[in-house]
Amino acid sequence: MPAAHERLAVLLSQSRRAVIFTGAGISTESGIPDFRSPGGVWSRMKPIYFDEFIAKEEQRREAWRRVFANSSGWVGAKPNEGHHAVARLVAAGKAVSVITQNVDNLHQESGVPPEQVIELHGNASYATCLACGLRHELEALKQSFLGRDMIPLCRECGGLVKTATVSFGQAMPSEAMRRAEAETLACDLFLVLGSSLVVFPAAGFPRRAKENGAKLAIVNREPTPLDGHADLALHEEIGPLLSAVVPAFPA
Ligand code: APR
């Protein structure tokens, strides 16, 4: 095993309570484009800010068009070897929680118990009413949107319905932020997988962990602003690396 991989294996074996923090980079090997790599989502479309979604029907229509055109590539994607290695670390009790910026549900689909996944930016697999919080399934909304050009409204209260993701300018989920802070301060190893670490407040957690005395390891194809603070920064593909470092635990 290369020395750098050995160092990650040692950090994992020495850890009693790790936190795994993931970004879009862990899902690109599932065919889901990330946001800031060349050809990433933001090079192809402009983000729709929360206040625009609220204020302008045209922006709501564009947001739902993107969802039902699967322009972000989430629908039908399957977990890859990186997700499965993370699930093995959780199953082995090495990592107690996965703090993710991703909304693709792939950590849950790879077998991480939902209660151990902390979704900072929500989840794209369903929608909620912004007024009363009622959950709405996308398939039903898709039929009325594509069939009768009806922009989704709450079936109970008539309020605006939006996918359960956190848009730029939208408040962060307070319970997820509270849990992420607690896990960040309780861990002795904070492992970042596939994030450019440029979007806050999420990107604040790795630094917080390091300042609190945890070891910080980063696996990311490109350098990140936190590499200089990390105990280990590996610029490699997550799937192959974790498959080598986190062998398949006995099933
Ligand atoms: N292996 C390792 N690193 C990878 C891989 C891979 N297979 N694929 C991509 N990467 C790296 C890229 O080099 C990039 O630095 O993953 C990083 C992904 O960074 P971003 O695209 O910025 O995604 P992320 O950090 O998750 O963005 C945070 O920004 O737009 C918002 O809400 C969105 O949650 C997202 C947030």
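Every value quoted in this text rests on a predicted model; they were computed, and no experiment measured them.

Rules used in this analysis
- Residues numbered from 1 in each chain as written.
- Predicted model: local features only at pLDDT ≥ 70, side-chain atom pairs only at ≥ 80, totals over all residues.
- Heavy atoms only, no water.
- Near = heavy atom within 4 Å.
- Polar contact = N/O pair within 3.5 Å; in protein donor to acceptor, adjacent residues only side chain to side chain.
- Areas by Shrake-Rupley, 256 points an atom, 1.4 Å probe, with all protein chains shown as cover.
- Nonpolar A, V, L, I, M, F, W, Y, C, P; charged D, E, K, R; others polar.
- Domains from an automatic or database assignment.
- Core = buried A, V, L, I, M, F, W, Y, C linked by side-chain atoms within 4.5 Å.
- Buried < 20%, exposed > 50% of the residue type's maximum accessible area, 1.4 Å probe, protein only.
- Helix = DSSP H or I, 4+ residues; strand = E, 2+ residues; numbered from the N terminus.
- Contact = heavy atoms within 4.5 Å.
- Buried area = accessible area lost by both parts, 1.4 Å probe.
- Salt bridge = Lys/Arg side-chain N within 4 Å of Asp/Glu carboxyl O.
- Pairing = 2+ DSSP bridges.
- Arc of directions from axis to C-beta.

## What to know about the site of the ligand
Surrounding the ligand, one finds 23 residues, the nearest of these being Glu29, Phe35, Arg36, Ser195 and Ser196. Note that an oxygen atom of the ligand is positioned 2.7 Å from one of the side-chain N or O atoms of Ser195. Between the ligand and Asn220 there is a distance of 2.9 Å, counted from an oxygen atom to a side-chain nitrogen or oxygen. If the ligand stood free it would expose 740 Å²; the protein chains cover 96% of that surface. The residue makeup of the shell around the ligand, split by class, is 6 nonpolar, 10 polar and 7 charged. Counting contributing residues per domain, the shell around the ligand is built from domain 1 (1-32 + 78-121 + 172-251) and domain 2 (33-73 + 123-165), each supplying no fewer than three.

## Topic: the nonpolar core
The biggest cluster of nonpolar side chains holds 28 residues, and the ones touching the most others in it are Leu8, Leu12, Ile20, Leu191, Leu193, Val219 and Leu242. Contributing elements (two or more residues each) for this core: helix 1 (3-14), strand 1 (18-22), helix 5 (81-91), strand 2 (95-100), strand 7 (189-193), strand 8 (215-219), strand 9 (232-234) and helix 10 (238-245). Here this core gets 5 residues from one element, more than from any other, and that element is helix 5. Apart from residues no more than four positions distant in its own chain, Leu242 is found in contact with Leu8, Gly82, Ala85, Val86, Arg88 and Leu193. Listed in part, the 21 residues of the second largest apolar core include Phe190, Ala202, Phe205 and Leu226.

## A look at the domain arrangement of the protein chain
Structurally, the protein chain comprises domain 1 (1-32 + 78-121 + 172-251) and domain 2 (33-73 + 123-165). Between the C-alpha centres of domain 1 and domain 2 the distance comes to 28 Å. Counting residues at the interface gives 13 residues for domain 1, matched by 12 residues for domain 2. Together domain 1 and domain 2 conceal approximately 860 Å² of surface at their shared face, both sides included; 55% is due to carbon and sulfur atoms. Linking domain 1 to domain 2 there are 0 salt bridges. The interface formed by domain 1 and domain 2 includes 3 residue pairs in polar contact (both at pLDDT 80 or more).

## So, the pairing of strand 4 (residues 122-129)
Both strand 4 and strand 6 (residues 161-165) contribute to a ladder of 4 bridges, which runs antiparallel. Within strand 6, the residue paired with Thr128 across the bridge is Lys162. Here strand 4 hands over to strand 5 (residues 135-136) after 5 residues, with Gly133 in that stretch at a positive phi of 85°.

## Examining helix 9 (residues 204-211)
Counting along an α-helix, one turn takes 3.6 residues, and residues three or four places apart therefore face a common direction. Of all the positions in helix 9, only Phe205, Pro206 and Ala209 are classed as buried. Projection of helix 9 onto a plane perpendicular to its axis shows the buried side chains occupying an angular sector of 100°, all on one side. As for helix 9, its buried residues are in contact with strand 1, helix 8 (174-186), strand 7 and strand 8. One or two steps after helix 9, the chain reaches Gly213, where phi turns positive at roughly 100°.

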